[in-house]
Amino acid sequence: MAAIVLIGAQWGDEGKGKITDFLAQKAEVVVRYQGGNNAGHTVVANGEEFKLHLIPSGILYENKTCIIGNGVVVDPKVLLQELDYLNSRGVKTGKLLISTNAQVIMPYHRLLDALEEDARGANKIGTTKRGIGPAYMDKSARIGIRIIDLLDKDVFEAKLRRNLQEKNTLLTKIYGVQPLEFEEIYTEYLGYAERIKHLVTDSSLAIDSSIRNGEKVLFEGAQGTLLDLDHGTYPYVTSSHPIAGGACIGAGVGPTKITRVVGVVKAYTTRVGEGPFPTELLDETGEKIRQIGHEFGTTTGRARRCGWFDAVIARYAVRVSGISDFAVTKLDVLTGLDKIKICVGYRVGGEVIYEFPQSQKIFTDCIPVYEEMPGWQEDLTGVRKFEDLPVEAQNYVKRIEQLTETSATIVAVGPGREQTIVRGEIF
Ligand code: GDP
Ligand code: IMO
Ligand code: MG
């Protein structure tokens, strides 16, 4: 039995798609458990690049079961577009399943996401405007529409009418925009239901029977630890639980079934959207990393903010998710820097702290305390063995391991599936 949870250990975009695709070689089942199409996971397989938003990154292998779990918010329009996109590129998607209980993103969620962001003005979160927050709000308010509801016309009609009544009051009275029409949405979504109904299943049961049959299951997190609704840089977070515990809730699997937790970290740090980021580099080094690392959003195209590796948040991610192994990605991007810095603590007023502070006001004011390490000039993208990396690069990875007390079992030196150094068994 092996059930591995793979999570982002920073602010998202750590390379989860690439590492999921790599580990999926040995898995039978790959499961997304939270988030929605705010995610953008890039996989480069056999020289071809694929950008996935909702469908698990195991889909490029024909024989893997891919499951969208109950914790995901599904925009059916985007899901169908993604299926069409994959099929048009020759990818077979016959082994995709969707949980009956996943929540559905409706047109009013997308609209409200944009209106709420505008209304926040200077306090905006910088959301992806995909309707994620409003969809999770309805889930918590217990008025959300689940995938299973789309399969029963009467249930769907009743739920949609009730929701529209409330949403149209909001849209017209608070935001002063036009109300949405029932008929149009009803017909559109019944059309989607027709196309996806054969994929809908009790995903918790499917995962359980796979685990019982000795199959290997890989849970693919979206976003990252510092974007977690409870454990992230609130309120500059997403509305779900990207940490490892989110897999149990979002897939309906008990914690005793999880055998390992892989935390994906970039060899530096990036963040998209607003919110505190102590090691952010606003100088030419930050710009250099952005250009060499192609740090532009997979989903929104926004320039990602770039900064040095932060060992304090990496250690925090180890704590809140019980990370057993790190996958350190994009080490190749740091080639060419004379000196590389690692943040080992934060200066707050007159003292230095070594743990992620609970107060976001304090976190915003944190000044990083850096350790400096020598850089390297060699191109790493062709290296396949850890011992073949320049000694400075090896030492950099080893220092990350010491500071986080966690083994960097995988090291990635390029976007391709084969550009991956494995230092120990994961599955
Ligand atoms: P995700 O959201 O965590 O799946 O990450 P994204 O796909 O949004 O962003 C990561 C980007 O880095 C993608 O363009 C990947 O193809 C690329 N990438 C992943 N690992 C590496 C690596 O080791 N080196 C380089 N140069 N690029 C990588
Ligand atoms: P992957 O899975 C990076 C960020 C947004 C914003 C905040 C809230 O590709 O790593 P939301 O639309 O979720 O309400 O936005 O979260 N965000 C991400 N940042 N990678 C992601 O996904 C993200 N998904 C959301 O930029 O700051
Ligand atoms: Mg991404």
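1. Brief notes about the site of ligand 1
And then number 1: Taken together, 19 residues are adjacent to ligand 1, and G15, K16, G17, T42 and D332 come closest.
And then number 2: Note that an oxygen atom of ligand 1 is positioned 2.8 Å from one of the backbone N or O atoms of G17.
And then number 3: K330 has a polar backbone atom sitting 2.8 Å from an oxygen atom of ligand 1.
And then number 4: When isolated, ligand 1 has an accessible area of 580 Å², and the protein chains bury 92% of it.
And then number 5: For ligand 1, the cavity whose grid points lie within 2 Å of the majority of its atoms is the second largest pocket.
And then number 6: Taken together, the residues of the shell around ligand 1 break down into four nonpolar, eight polar and seven charged.

2. Re the coordination of the magnesium ion (ligand 3)
And then number 1: Bound to the magnesium ion (ligand 3) are the protein donor atoms D13 (OD) and G40 (O), situated 2.0 to 2.2 Å from the metal. With a gap of 27 residues between them, D13 in the loop between β1 (2–8) and α1 (16–24) and G40 in the loop between β2 (29–32) and β3 (41–45) connect regions that are remote in the sequence.
And then number 2: Since its relative accessible area comes to 11%, G40 is described here as buried.

3. Describing the sheet that holds strand β9 (residues 200–201)
And then number 1: Pairing within the open sheet is mixed, and its ten strands lie in the order β9-β7-β5-β2-β10-β1-β11-β15-β19-β20. The open sheet is flanked by β9 and β20 (420–422), the only strands paired with a single partner.
And then number 2: Pairing analysis gives five bridges linking strand β11 (residues 260–266) to strand β15 (residues 325–329), with the strands arranged parallel. When the bridges of β15 are listed, V262 appears paired with D325.
And then number 3: The strands touched by helix α8 (residues 203–212) within the sheet are β1, β2, β5 (65–68), β7 (96–99), β9 and β10 (216–220), with β10 carrying the most contacts at an inclination of about 140°.

4. Quick look at the packing of helix α2 (residues 76–88) against helix α7 (residues 182–196)
And then number 1: Across the interface, α2 lies against α7 with an axial gap of 10 Å and an inter-helix angle of 45°. Comparing their axes, α7 and α2 come out oblique. As α2 runs across α7, the sense of the crossing is left-handed. Residues P76, K77, L79, L80 and D84 of α2 lie in contact with α7, whose contacting residues are E188, Y189, Y192, R195 and I196.
And then number 2: Among the residues making up the contact of α2 with α7, the classes are represented as six nonpolar, no polar and four charged.

5. Digging into the site of ligand 2
And then number 1: Residues in close proximity to ligand 2 total 20 residues, the closest being D13, K16, H41, T128 and T238.
And then number 2: Between ligand 2 and the protein, one listed contact pairs an oxygen atom with a side-chain N or O atom of H41 at 2.7 Å.
And then number 3: Against a free-state accessible area of 550 Å², the protein chains account for coverage of 98% of ligand 2.
And then number 4: Looking at the shell around ligand 2, its residues break down into seven nonpolar, ten polar and three charged.
And then number 5: Counting contributing residues per domain, the shell around ligand 2 is built from domain 1 (2–91 + 202–422) and domain 2 (103–198), each supplying no fewer than three.

6. Things to note about the domain arrangement of the protein
And then number 1: Entries for the protein in the domain assignment read domain 1 (2–91 + 202–422) and domain 2 (103–198).
And then number 2: Between the C-alpha centres of domain 1 and domain 2 there is a distance of 29 Å.
And then number 3: With 27 residues of domain 1 in contact, the opposing surface of domain 2 contributes 22 residues.
And then number 4: Between domain 1 and domain 2 the total buried area reaches about 2000 Å² when both faces are included, carbon and sulfur atoms providing 58% of it.
And then number 5: It is V73, P76 and L80 in domain 1 that bury the most area against domain 2; as a group they hold 27% of the surface buried on that side.
And then number 6: Inspection of the domain 1/domain 2 interface yields three salt bridges.
And then number 7: Its salt-bridge partner being R195, residue D84 comes within 3.1 Å of it at the nearest N-O pair.

7. Comments concerning the layout of surface pockets
Remark: the empty space left among the atoms is shown by a probe the size of a water molecule rolled over them.
And then number 1: When its volume is computed, the second largest pocket comes out at roughly 620 Å³.
And then number 2: Along the walls of the second largest pocket sit 31 residues, with T42, G293, R304, K330 and P415 positioned nearest its centre.
And then number 3: Mapped onto the lining of the second largest pocket, the elements with two or more residues apiece are α1, β3 and β4 (48–52).
And then number 4: For the lining of the second largest pocket, the class distribution of residues is seven nonpolar, 13 polar and eleven charged.

Cut-offs applied
- Residues numbered from 1 in each chain as written.
- Chains lettered and ligands numbered in written order.
- Predicted model: local features only at pLDDT ≥ 70, side-chain atom pairs only at ≥ 80, totals over all residues.
- Heavy atoms only, no water.
- Near = heavy atom within 4 Å.
- Polar contact = N/O pair within 3.5 Å; in protein donor to acceptor, adjacent residues only side chain to side chain.
- Areas by Shrake-Rupley, 256 points an atom, 1.4 Å probe, with all protein chains shown as cover.
- 1 Å grid on protein atoms, 1.4 Å probe; cavity = no way out; pocket = protein on both sides within 12 Å on 5 of 7 lines; lining within 4 Å.
- Sits in = over half its atoms within 2 Å of the grid points.
- Nonpolar A, V, L, I, M, F, W, Y, C, P; charged D, E, K, R; others polar.
- Donors = N, O, S within 2.8 Å, 3.2 Å for Na, K, Ca; no water.
- Helix = DSSP H or I, 4+ residues; strand = E, 2+ residues; numbered from the N terminus.
- Buried < 20%, exposed > 50% of the residue type's maximum accessible area, 1.4 Å probe, protein only.
- Pairing = 2+ DSSP bridges.
- Contact = heavy atoms within 4.5 Å.
- Axes fitted to C-alpha atoms, helices over the stretch in contact; angles between N-to-C directions.
- Parallel < 35°, antiparallel > 145°, perpendicular 65-115°, else oblique.
- Left-handed = near helix turned anticlockwise from the far one by under 90°.
- Domains from an automatic or database assignment.
- Buried area = accessible area lost by both parts, 1.4 Å probe.
- Salt bridge = Lys/Arg side-chain N within 4 Å of Asp/Glu carboxyl O.
- Points joined across faces, edges and corners; volume = space filled by probe spheres on them.

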